[in-house]
Amino acid sequence: MANRIDVEAELLSGQTIQMSPTGYSMYPLLDPKKGDQIILDPAPETVKRGDIVVYRRDGEVGQVNESGENLGILVLHRITKVEGDGFYACGDNQSRVEGPIRKDQIRGIMTARVRAGKILPMTGTWVRCYAKLWLLLRPLRPMISKTAARIKKVFAK
């Protein structure tokens, strides 16, 4: 059995960690089926649009809000907007923006993705272009996802 780490405690103590994300909210950037891992650094002083951060939702773990979202859990999403002291975030595979998120809720920032043993920093030109394009296309994501699923289904036959 693999050792489990307390992601939040490690980040708050200043540690950089590498871990496997769960779920598909950041697909296609992160694909659990491909064994993707992420490298997280503790939260920086400044966070900007396009950054992928880990934050703790308000509420108790196990509670859900009226939208059915788990409260109190750690979430890895991309910052879509910074407004005053509030941050707004959304998964790459989602269209609904969550926020405002306070700076004290942000625990870490994703600095790299690891796929097939290769470390891919989040600072490259292609990553910045991908982030800008994906943020621009956010309102169209449901349509894009449905179309991609249909195409996949056709080619799977």
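In what follows, the structure referred to is the one given above.
K.L.:
I tried to follow the pattern of salt bridges on my own but got confused; where do I start?
P.N.:
When the charged atoms of two side chains with opposite charge come close together, those side chains can pair. Summed over all chains, the structure comprises nine salt bridges. For the salt bridge of Glu83 with Lys81, the shortest nitrogen-to-oxygen distance reads 3.5 Å. A relative accessible area of 46% means that Glu83 is categorised as partly exposed. Classification of Lys81 as partly exposed rests on a relative accessible area of 37%. One salt-bridge network, held together by shared partners, links Glu8, Arg56 and Arg107.

K.L.:
Looking at this structure, how should I read the side chain of Asp92?
P.N.:
Mapped onto the secondary structure, Asp92 falls in the loop between strand 5 (86–90) and strand 6 (98–102). What makes Asp92 buried here is its relative accessible area of 0%. At 3.2 Å, the side chain of Asp92 and the side chain of Tyr130 are in polar contact. When sequence neighbours within four positions are dropped, the list of residues in contact with Asp92 reads Ser25, Met26, Tyr27, Leu29, Arg78, Tyr130, Trp134 and Arg141.

K.L.:
What's the story with the environment of Ile73 in this structure? I'm lost.
P.N.:
Topologically, Ile73 is positioned in the loop between strand 3 (52–56) and strand 4 (74–83). In this structure Ile73 comes out as partly exposed when scored by relative accessible area, which is 26%. Taking the C-alpha atoms as reference points, Ile73 and Gly59, 14 residues apart in sequence, are found 8.2 Å from one another. Sequence-distant contacts of Ile73, that is, excluding residues within four places in its chain, are made with Tyr55, Arg56, Arg57 and Val61.

Procedures and definitions
Residues numbered from 1 in each chain as written. Predicted model: local features only at pLDDT ≥ 70, side-chain atom pairs only at ≥ 80, totals over all residues. Heavy atoms only, no water. Salt bridge = Lys/Arg side-chain N within 4 Å of Asp/Glu carboxyl O. Buried < 20%, exposed > 50% of the residue type's maximum accessible area, 1.4 Å probe, protein only. Helix = DSSP H or I, 4+ residues; strand = E, 2+ residues; numbered from the N terminus. Polar contact = N/O pair within 3.5 Å; in protein donor to acceptor, adjacent residues only side chain to side chain. Contact = heavy atoms within 4.5 Å.

So, to be careful, I would describe these as geometric facts and stop short of saying anything about function.
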